[in-house]
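Coordinate analysis (summary)
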Amino acid sequence: MAKKVKWAILFIVLALLAAGGIYLAPKAAAVWRMRRIAKAFVDSSTQSTFKETKTTLVYDKNGEELCQIKSSKELYYVTFDQIPKTLANAFVVMEDRDFYNHSGIDYKAIVRAALANQKSSEIVQGASTITQQLARNIFLTQEVTWERKIEEMFIAWDLEKKYSKEEILEFYLNNIYFGNGYYGVEAAARGYFSKSVSELTLSEQAFIAAIPNNPSKYNPLTNFENTLKRRDLILEQMYDTDYITSMDFYTAKSEEVVLNQPQQEKEDNSVVTYVRHCATESLMKSAGFSFRDNFDTQEEQDEYESLYDTYYTRCQQMLLSGGYTIYTSFDMELQEKLQRAVDENLSQYTELSDEGVYKMQGHHH
């Protein structure tokens, strides 16, 4: 195994060489340093590393605490044998078809990351294996730089040496975000269907598997049709790759999806929703996303929006996985006045935007 590691490191160094001599010396040193950090990270990890929840604190512009954000991860942690095989396979089919064969890394992505150097948009959209996504969710902040990408690969690589494929899938399925405050497959199953993940039908499994790819675009409470379309796509792909039979496929596809009425947290009024939105955008900013609102072409705007969604999703996930202290430019006093005005004068404006914020309140950048 050690030999393999050395060869792969040599490969990366050669890739960096190809990426241009001018960066080489500092880059090679940085790569060695990342190798050491990654190894230390993974060596010190245990099963409980993947169950911990940290709290994120959000402050307003006057330094007053606005809210605490915490996911109930430990509460809903499920082991691999409690997760339906077909649900695990739905993620393998959509996210990482080579999952059972690779050693955690997509080598082409390494070269892309080294060459991309600082163009963050390319790195964000680079294909990551399931193990890399786990590395990013657990060990790294969501900053997007070539160093971060390479460190993520090293961590993924070490995770594969320390844990089995089943353990990695178990950690992954318990740590992805399913929108609306639900972290992990069990919380999602209970939140959307009021039952345990082991009781979900194939149709329901594919339905919740549709969400994490983009929890705002595939949010079942606001974009039900999108989620349904992606459920069908997942079922098709599973049928094509022989994970399910044609009988399963047709039965699941024709099954009507009935969501329970999700119990929104009592505090989840528009202020809290908006605070979360502001906090997410603050994190996006610190992760290097640059906001803009004028575009020369429709294509440019579409590209921006898809990048915005990618960042938004990741940062929302960071917010919930926790451990951050976020200072927003949010003004609580102003907000309370506005809220009173909205409640008194605009009670007929019941239309909510995607984030559940009254449309009247506009967006905050």
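Conventions we followed
- Residues numbered from 1 in each chain as written.
- Predicted model: local features only at pLDDT ≥ 70, side-chain atom pairs only at ≥ 80, totals over all residues.
- Heavy atoms only, no water.
- Helix = DSSP H or I, 4+ residues; strand = E, 2+ residues; numbered from the N terminus.
- Contact = heavy atoms within 4.5 Å.
- Areas by Shrake-Rupley, 256 points an atom, 1.4 Å probe, with all protein chains shown as cover.
- Axes fitted to C-alpha atoms, helices over the stretch in contact; angles between N-to-C directions.
- Parallel < 35°, antiparallel > 145°, perpendicular 65-115°, else oblique.
- pLDDT = per-residue confidence, 0-100.
- Patch = residues over 30% accessible without salt bridge, like charges linked within 9 Å, V, L, I, M, F, W, Y side chains within 5 Å.
- Salt bridge = Lys/Arg side-chain N within 4 Å of Asp/Glu carboxyl O.
- Lys, Arg positive; Asp, Glu negative; His and termini not counted.
- Charge placed at Lys NZ, Arg CZ, Asp CG, Glu CD.
- Buried < 20%, exposed > 50% of the residue type's maximum accessible area, 1.4 Å probe, protein only.
- Polar contact = N/O pair within 3.5 Å; in protein donor to acceptor, adjacent residues only side chain to side chain.

Regarding its fold elements, the protein chain presents 15 helices and 3 strands. Nonlocal contacts in the protein chain, meaning residues at least 24 apart in sequence, comprise 68% of its contacts between residues at least 6 apart. Counting every atom, the protein chain has about 17,900 Å² of accessible surface; 51% of that belongs to carbon and sulfur.

The next point concerns the environment of phenylalanine 41. With respect to the secondary-structure elements, phenylalanine 41 resides in helix H2 (residues 24-43). For the pair phenylalanine 41 and aspartate 158, spaced 117 residues apart in sequence, the C-alpha to C-alpha distance is 9.1 Å.

Turning our attention to the packing of helix H3 (residues 85-95) against helix H8 (residues 165-175). Orientation of H3 relative to H8, taken along the N-to-C sense of each, is 90°, at an axis distance of 11 Å. By the angle class used here, H3 and H8 are roughly perpendicular. Mapping the contact onto sequence places Lys85, Ala88, Phe91, Val92 and Glu95 in H3 and Glu166, Leu169, Tyr172 and Leu173 in H8.

To continue, consider the confidence of the model for the protein chain. For the protein chain, per-residue confidence averages 79 on the pLDDT scale, and 75% of positions sit at 70 or higher. Mean pLDDT across the elements of the protein chain bottoms out in helix H5 (residues 120-124) (46) and peaks in helix H10 (residues 202-209) (98). Below a pLDDT of 50 lies the segment residues 264-268, which in the model reaches 6 contacts outside its immediate sequence neighbourhood of four places, other chains included. Predicted confidence is poor over residues 352-365, with pLDDT under 50, and the contacts of this stretch with residues over four places away or in other chains come to 37 contacts.

Together, Glu299, Asp302, Glu303 and Glu305 line one region of the surface with negative charge. Here glutamate 299 shows up in helix H14 (residues 298-321).

We now examine the environment of isoleucine 326. On the secondary structure map, isoleucine 326 appears in strand E3 (residues 325-327). Here isoleucine 326 falls in the buried class, since its relative accessible area comes to 5%. In sequence terms isoleucine 326 and threonine 280 are 46 residues apart; their C-alpha atoms lie 9.2 Å from each other. Contacts of isoleucine 326, omitting those with residues within four sequence positions, involve Thr56, Leu57, Val58, Tyr59, Ala279, Ser282, Leu283 and Leu319.

Our next topic: the side chain of glutamate 204. Looking at where glutamate 204 falls in the secondary structure, it is placed in helix H10. Relative accessible area serves as the criterion here: at 10%, glutamate 204 is assigned to the buried category. There is a polar contact of 2.9 Å between the side chain of glutamate 204 and the backbone nitrogen of threonine 201. Those residues in contact with glutamate 204 that lie beyond four places of it in its chain are Phe193, Lys195, Glu199 and Glu255.

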